[in-house]
Amino acid sequence: RTLLAGMLLSVFALAGCGQKQEAQQQASAPQAAAPAAGGEMKEYVVGTDASYAPFEFQNDKQEIVGFDMDVLTAVAAKGGFKVKFVNTPWEGMFATLPQGDRDILSSAITITDERKQSMDFSDPYFEARQLIAVGKGVADVKSFADLKAKKVAVQTGTTGDEVVQKLLGKTNPNIKRFESMPLALKELEGGGVDAAVGDNGVVANYVANNPQHGMVTVEDTKSFAPEYYGFAVNKGNKELLDKINAGIKAVKADGTYDQIFKKYFGTK
Ligand code: ARG
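Calculation notes
Residues numbered from 1 in each chain as written. Predicted model: local features only at pLDDT ≥ 70, side-chain atom pairs only at ≥ 80, totals over all residues. Heavy atoms only, no water. Helix = DSSP H or I, 4+ residues; strand = E, 2+ residues; numbered from the N terminus. Areas by Shrake-Rupley, 256 points an atom, 1.4 Å probe, with all protein chains shown as cover. Near = heavy atom within 4 Å. Polar contact = N/O pair within 3.5 Å; in protein donor to acceptor, adjacent residues only side chain to side chain. Buried < 20%, exposed > 50% of the residue type's maximum accessible area, 1.4 Å probe, protein only. Pairing = 2+ DSSP bridges. Axes fitted to C-alpha atoms, helices over the stretch in contact; angles between N-to-C directions. Core = buried A, V, L, I, M, F, W, Y, C linked by side-chain atoms within 4.5 Å. Salt bridge = Lys/Arg side-chain N within 4 Å of Asp/Glu carboxyl O. Contact = heavy atoms within 4.5 Å. Right-handed = clockwise from strand over helix to strand, strands pointing away. Phe/Tyr/Trp six-rings, centres within 6.5 Å; stacked < 30°, edge-to-face > 60°. Lys NZ or Arg CZ within 6 Å of the ring centre and 35° of its normal.

K.L.:
Just to check I follow, could you spell out the overall build of the chain for this structure?
P.N.:
Secondary structure summary: the chain contains nine helices and 14 strands in total. With the model as given, the accessible surface of the chain reaches about 14200 Å², and the carbon-plus-sulfur share is 54%.

K.L.:
How should I be thinking about the site of the ligand in this particular structure?
P.N.:
Taken together, 14 residues lie near the ligand, and Asp49, Ala108, Thr110, Arg115 and Asp199 sit nearest. With respect to the ligand, the side chain of Glu56 contributes an N or O atom lying 3.1 Å from a nitrogen atom. Separating a nitrogen atom of the ligand from a backbone N or O atom of Ser107 is a distance of 2.8 Å. When the ligand sits alone it has 350 Å² of accessible area, and the protein chains cover 100% of it.

K.L.:
Looking at this structure, how should I read the pairing of strand 8 (residues 130–134)?
P.N.:
Every regular strand shows the same layout, with side chains that alternate between the two sheet faces. Of all five residues that make up strand 8, five are buried, and the element is covered over most of its length. Across five bridges, the pairing between strand 8 and strand 11 (residues 195–199) is antiparallel. Within strand 11, the residue paired with Ile132 across the bridge is Val197. Across three bridges, strand 8 lies against strand 12 (residues 216–218) in antiparallel orientation. Considered in strand 12, the bridge of Val134 is made with Val216.

K.L.:
Even after reading the chapter, I still don't get the sheet that holds strand 8, so can you show me in this structure?
P.N.:
Hydrogen bonds along the backbone pair up the strands of a sheet, which may run parallel or antiparallel. Strand order in the open sheet formed by five strands is 10-9-11-8-12, with mixed pairing between adjacent strands. Looking at the sheet topology across the chains shown, the edges are occupied by strand 10 (175–178) and strand 12. Each strand axis lies, on average, 30 degrees off the axis of its neighbour in the sheet, ignoring direction. For strand 9 (residues 152–155) and strand 11, the ladder comprises two bridges, and the chain directions are parallel. Each residue of the ladder has a partner; that of Val152, found in strand 11, is Ala195.

K.L.:
What exactly am I supposed to notice about the nonpolar core here?
P.N.:
Buried together is how nonpolar side chains tend to be arranged in soluble globular proteins. With 47 residues, the main nonpolar core has Phe67, Ile104, Phe126 and Ile244 as its most contacted residues. The element contributing the most residues to this core is helix 2 (residues 67–79), with seven residues. Core analysis: the second largest hydrophobic core is formed by 16 residues, Phe144, Val163, Leu167 and Ala195 among them.

K.L.:
Would you mind showing me how to read the pattern of salt bridges here?
P.N.:
Pairing is possible between side chains that carry opposite charge, provided their charged atoms lie close to one another. For the structure shown, the criterion picks out eight salt bridges. A salt bridge links Lys235 to Asp120; the nearest nitrogen and oxygen atoms lie 2.9 Å apart. In this pair, Lys235 sits in the loop between strand 14 (232–234) and helix 8 (238–253) while Asp120 sits in strand 6 (residues 119–121), placing the two residues 115 residues apart along the sequence. Among the ionic pairs, Arg177 bridges to Asp161, the shortest N-O distance being 2.9 Å. With Arg177 in strand 10 and Asp161 in helix 5 (residues 159–168), this residue pair connects regions lying 16 residues apart in the sequence.

K.L.:
Is there a simple way to think about the environment of Ala139 in this case?
P.N.:
Within the secondary structure layout, Ala139 lies in the loop between strand 8 and strand 9. Once the C-alpha coordinates of Ala139 and Asp194 are considered, the two residues, 55 residues apart in sequence, prove to be 9.9 Å apart.

K.L.:
Would you take a moment to explain the environment of Leu147 for this structure?
P.N.:
Looking at the secondary structure, you find Leu147 in the loop between strand 8 and strand 9. In this structure Leu147 touches Ile132, Val141, Val152, Leu167, Leu168, Ala195 and Val197, once residues within four positions along its chain are discounted.

K.L.:
So what exactly am I meant to see when it comes to the pairing of strand 9 here?
P.N.:
Residues Val152 and Val154 line one face of strand 9 and the alternating positions Ala153 and Gln155 line the opposite face, and both faces are buried. Where strand 9 and strand 10 come together, four bridges link them in parallel fashion. Residue pairing for strand 10: Gln155 is matched across the bridge by Phe178. Handedness of the strand 9-helix 5-strand 10 crossover: right-handed.

K.L.:
How should I be thinking about the packing of aromatic side chains in this particular structure?
P.N.:
Each aromatic ring pair is characterised by the separation of its centres together with the angle its planes make. Under the defined criterion, the tally for this structure stands at 20 aromatic pairs. Measuring from ring centre to ring centre gives 4.1 Å for Tyr125 and Phe231, while their planes differ by 5 degrees; the resulting arrangement is stacked. Remark: Phe231 occurs in the loop between strand 13 (227–229) and strand 14 and Tyr125 occurs in the loop between strand 6 and strand 7 (126–128); sequence separation between them is 106 residues. An aromatic cluster of at least three residues, connected via ring pairs, comprises Tyr52, Phe55, Phe67, Tyr125, Phe126, Tyr229, Phe231, Tyr257, Phe261, Tyr264 and Phe265. Between the NZ or CZ atom of Lys252 and the centre of the ring of Tyr257, over which it lies, the distance is 5.9 Å.

See below:
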């Protein structure tokens, strides 16, 4: 067993080395922007649950793309740092910051008071709200309150999960929790639940792209408060947070943010 453990350790060590070399090569590649005075631009590892189109998803080439990637990449260019996106499951994602596995989280994360206890957030970069998707043939859902006696799918540990818990009760078996939003919406397609609740951009995008399933969306601006997305860093990482916030300011000021917004949402 000791031998095996030793072998595994060396394999990991090798793999780790390889990664570092690759990162260094990238950092010194000729197309890299001019390094900040005093040396190379730092590259930060960014965690994202890339199953959340149009904010973060994988394209045909398995590259992580989306609104959040465009915004953070532009922010990094202005803030004087580099980013490398790594697909990271939503569950457990927050813990990767104190563990040191990720430097930044860019995952359509709503800034909440509870989350602020354990991580630091950038200035907000997007406003969202919860949206209900209702299954084919479910005719009696006109508002959030109509979900009280329904089966509802959510992504575990999201703000969607939180609002549905408030209405149905935390331990209500009618709440079906899934590790990703697409899995929750697939359950709705299959008729396993009556509705799903999640961030408006993602729910609307999914329903529009899967018309064959006859799902419809129901807005309820009275029940759902606006939410604001922020990039998260480890608590106390002021150096990085300052760079991110400076970058956000700059991309908002020079029209870059508006361009990216238009690319994904068509309007200002
Ligand atoms: N905005 C919601 C929250 O922060 C959902 C975010 C889920 N993001 C994702 N990439 N799956 O709870």
